[in-house]
Amino acid sequence: MTLYFFLWLHHKVNCLILYTKMKFTLIFGSLIGLAAFCFVSCDEAAKQLELQLLTSNIELLEAALRKECNHTENNGLIGRRRRALIREKRLSIDGRISVASHQLIILKKEYMNCKNYKGTVLTGSKLLGLFAPRNIKHYFWPALNEGKDSGVIKQVVFKKLFSNTAVKVEVTTNMRVVGQRTCCHWFFTFDNQECKPHTIESVRYESSTNDLHISYSFHGVCPALNRGNLVMALNVGKCSSGNALGDCYTGWYSTTHLTVEEIELS
């Protein structure tokens, strides 16, 4: 009887061990499968994001070709690219990325040939508006109260990325001139030099002794500036008209805004 009991107990213990091993194997296998699924899903999401970025750039270039190079949906590279996009749906995600990358290269070359940008780097200033973020900076000074009649009002440093682009500036502030038949001249300088051939400026003449603070805005574009850090300054001083320098004031308890942007001139 005792022998049978031990044999029965040994059998039950072996069954329990076998069951435990099978359960552990199933759990471990499930965890590995879950990790593999997550890895594949993340990889798939990254590839989908890459394809979306390529597609967006293709659409930007196609729009530019239609607008600037007179391409239509039914001729030239535009039509061939559209047909290729339809065929892409039968490919794997890797195949679609490969086709889209090839399309983007061809469209870039077509755009450069159309605009006669031969020898230009594909990601250079000629494609600045299509593929690079706008190089634009905004500066502001709350409650600016500057009573000087001559000299620098405010100064900033702007990094210009390319040598063959221009710089556009726009300022909004409050200006005042006091003094009969007097004048004040607000203007921008770039590395201590006024813009050439045309100065970016605003002139205010006062014929009476009124003390009027008025909101003003002026802007302009300065070409032929070297790339790199530009020291830009808003200045005030005497007018070139020959009138006496008035009692100038800039700001007067209001925020002064300055926007600087690197642009390409057509």
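About the criteria used
- Residues numbered from 1 in each chain as written.
- Predicted model: local features only at pLDDT ≥ 70, side-chain atom pairs only at ≥ 80, totals over all residues.
- Heavy atoms only, no water.
- Salt bridge = Lys/Arg side-chain N within 4 Å of Asp/Glu carboxyl O.
- Helix = DSSP H or I, 4+ residues; strand = E, 2+ residues; numbered from the N terminus.
- Buried < 20%, exposed > 50% of the residue type's maximum accessible area, 1.4 Å probe, protein only.
- Contact = heavy atoms within 4.5 Å.
- Polar contact = N/O pair within 3.5 Å; in protein donor to acceptor, adjacent residues only side chain to side chain.

Caption draft 1: Structural detail: the pattern of salt bridges. Under the criterion given, the structure shown has three salt bridges. For R176, the salt bridge identified is with D247, shortest N-O distance 3.2 Å. A residue pair is termed long-range when its members are at least 10 positions apart, and R176 in strand β3 (residues 166–178) and D247 in strand β10 (residues 247–263) qualify at 71 residues. A relative accessible area of 8% places R176 in the buried class. Of the residues examined, D247 reaches a relative accessible area of 34% and is grouped as partly exposed. Between E206 and R204 there is a salt bridge, and its shortest N-O distance comes to 4.0 Å.

Caption draft 2: Region of the structure containing the environment of T172. Structurally, T172 is set in strand β3. Put simply, T172 and T256 are 84 residues apart on the chain and 5.7 Å apart in space, counted from C-alpha to C-alpha. Residue contacts for T172: discarding those within four places in its chain leaves S215, Y216, S217, T255, T256 and H257. A distance of 3.3 Å separates a polar atom in the side chain of T172 from a polar atom in the side chain of S217.

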